[in-house]
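# Reading the structure
In case you want the letters, here they are:
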Amino acid sequence: MTGSVVLASLAAVAEDSPVPEDDIGALQHYLGAAPVQYVDVAMARAHRQVLKCWPLLHEMDANA
Amino acid sequence: MKLILFSGVRGGVGTTSMVAMLADALCGFGQRVLAADLNGADMLRLHFNVPYDDPHGWLAAPSPQQCLQEVFQVTPGLCLAPCGARGRLPDGDAVVAAAAEPFWLAAMDVLATDFDWLVLDCPVPRRSALDQLRARSTYDICVAWPDAAAHVLLMQQGLVAASRLLINGLNPAHQLSADVALDWRCRWDDRVLPVWVHEDEGLHESLAHKTPVTRYRRDAAASHAARSLALWCMAQQEPKI
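Residues numbered from 1 in each chain as written. Chains lettered and ligands numbered in written order. Predicted model: local features only at pLDDT ≥ 70, side-chain atom pairs only at ≥ 80, totals over all residues. Heavy atoms only, no water.

### Focus on the packing of aromatic side chains
All names here are of chain B. Throughout the structure, instances matching the rule amount to five aromatic pairs over all chains. With a centroid separation of 5.8 Å and 70° between ring planes, the pair formed by Trp58 and Trp104 is classed as edge-to-face. Of this pair, Trp58 sits in the loop between β2 (33-37) and β3 (72-75) while Trp104 sits in helix α2 (residues 92-111), and the two are 46 residues apart along the sequence. Residue Trp104 is classed as buried on the basis of its relative accessible area, which comes to 0%. (Phe/Tyr/Trp six-rings, centres within 6.5 Å; stacked < 30°, edge-to-face > 60°. Helix = DSSP H or I, 4+ residues; strand = E, 2+ residues; numbered from the N terminus. Buried < 20%, exposed > 50% of the residue type's maximum accessible area, 1.4 Å probe, protein only.)

### Remarks on the interface of chain B and chain A
How big an interface is tends to be stated in terms of the accessible area lost upon association of its parts. Listed as interface residues are 13 residues of chain B and, on the opposing side, eleven residues of chain A. Sorting the residues of chain B by area buried against chain A places Asp179, Leu182 and Cys186 of chain B first, and these three jointly supply 32% of that buried surface. Between Asp61 of chain A and Arg187 of chain B there is a salt bridge, with the nearest N and O atoms lying 3.0 Å from each other. The interface formed by chain B and chain A contains three residue pairs in polar contact (both at pLDDT 80 or more). Breaking the side of chain B that touches chain A down by element, the ones donating at least two residues are α4 (148-157) and α5 (175-188) of chain B. The greatest single-element share of the side of chain B that touches chain A, amounting to nine residues, is contributed by α5 of chain B. (Contact = heavy atoms within 4.5 Å. Buried area = accessible area lost by both parts, 1.4 Å probe. Salt bridge = Lys/Arg side-chain N within 4 Å of Asp/Glu carboxyl O. Polar contact = N/O pair within 3.5 Å; in protein donor to acceptor, adjacent residues only side chain to side chain.)

### So, the pairing of strand β4 (residues 78-81) of chain B
As a general feature of sheets, a regular strand has side chains that alternate between the two faces. Residue and element names in this part refer to chain B. Both faces of β4 are covered, namely the face carrying Leu78 and Leu80 and the face carrying Cys79 and Ala81. Where β2 and β4 come together, four bridges link them in parallel fashion. What sits directly across from Leu34, in β4, is Cys79. Linking β3 back to β4 in an antiparallel pair, the connection comprises two residues, with Gly77 at a positive phi of about 95°. (Pairing = 2+ DSSP bridges.)

### Remarks on the sheet that holds β4 of chain B
Residue and element names in this part refer to chain B. Here eight strands make up an open sheet; going across it, the order is β3-β4-β2-β5-β1-β6-β7-β8 and the pairing mixed. Either end of the sheet is taken by a strand with one partner, and the two such strands are β3 and β8 (197-198). As paired elements, strand β1 (residues 2-8) and strand β5 (residues 117-121) share five bridges and run parallel to each other. Within the sheet, the bridge partner assigned to Ile4 lies in β5 and is Val119. The strands touched by helix α1 (residues 15-28) within the sheet are β1, β2, β3, β4, β5, β6 (139-144), β7 (163-170) and β8, with β1 carrying the most contacts at an inclination of about 155°. (Axes fitted to C-alpha atoms, helices over the stretch in contact; angles between N-to-C directions.)

### Focus on the pairing of β1 of chain B
All names here are of chain B. Along β1, six of the seven residues are buried, which leaves the element largely enclosed by surrounding structure. Looking at chain direction, β1 and β6 are connected through five bridges and run parallel. In the sheet register, Phe6 faces β6, and the bridge partner there is Ile141.

### As for the environment of Gln175 of chain B
Residue and element names in this part refer to chain B. Within the secondary structure, Gln175 is located in helix α5. With relative accessibility at 49%, the residue Gln175 sits in the partly exposed group. When the C-alpha atoms of Gln175 and Leu26 are compared, they prove to be 33 Å apart, with 149 residues separating the residues in sequence.

### Examining the nonpolar core
Residue and element names in this part refer to chain B. One finds Ile4, Phe6, Leu154, Leu165, Leu166 and Trp184 to be the most contacted residues of the largest nonpolar core, which totals 60 residues. In this view, Leu154 contacts Val9, Cys142, Ala144, Leu159, Leu165, Trp184 and Trp188; residues no more than four positions away in its chain are not counted. Formed by 27 residues, the second largest nonpolar core is a distinct cluster that contains Ala36, Ala61, Phe115 and Leu118. (Core = buried A, V, L, I, M, F, W, Y, C linked by side-chain atoms within 4.5 Å.)

### Comments concerning the state of the cysteines
All names here are of chain B. A complete count under the given rule lists zero disulfides over all chains for this structure. In this model Cys122 remains outside any disulfide bridge; the closest cysteine sulfur is found in Cys142, 11 Å from its own. Looking at Cys142, the relative accessible area reads 9%, which means it is buried. (Disulfide = S-S within 2.5 Å.)

### Here's the deal with the confidence of the model for chain B
Put simply, chain B has an average pLDDT of 92, and 97% of its residues get 70 or more. Overall fold confidence (pTM) sits at 0.86, and the ipTM for the predicted complex is 0.82. (pLDDT = per-residue confidence, 0-100.)

Spelled out as structure tokens, the structure:
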């Protein structure tokens, strides 16, 4: 299946979906998959930098 | 009638200003709103041009069923229930803490036909539990300024069950402010409200002018945030925690 066909199919699913703006939900619906554990990799990486930068935040995180 | 509870992670984080601007923004969208002050300091009235020494307030109402006797109409659709002079006495905080929950639980039944929203400005959770009101609330919002002290307090106390975090005073140009906000987003995910209120001098000036920022400077960033938050509140079917 080409990329454009997949995108077209997803768009069709999204129109039928109760939450059409939810792209993760639309993908999950299209694939018939179990709930997707979405990980924002960029944010997780930025968070690790934040904890490195600020000792207090690092300490609180370690004790959480 | 939907109930919104606002409380700060500590004092001085702008909780009362958030109540005033959200109440006014909801009214601007045609909602019928009653904003009430559950703090002995009784500051909310000052955001709505009620005289500093005015004695009226819900603490003076003969009963919860007669609370409308002590309510000010700010503008059509927006009413205010100050705490009242008794709350400003030296032992006012204790008086208010003891009276607030039973009073407003009883009053809600009476008010339901007159208002779409009841917005309560509550003390910090450590000073007053208000558990039954929290259980009845549609949204329980904790206001926090993204700094190191607020971070420690939030990590110590945790977010009260089912409450959401409203970030106020964000300054993306300040590294710590942006980083603390990012940490909260990572930690509490969708319990952090999608509307962030940026640091805005207009908020401070609006209190000095005795009016909500949404009226004092309609185009201020905080006013836009207030309208976004009001729309978000109106758009939610049921809170998802």
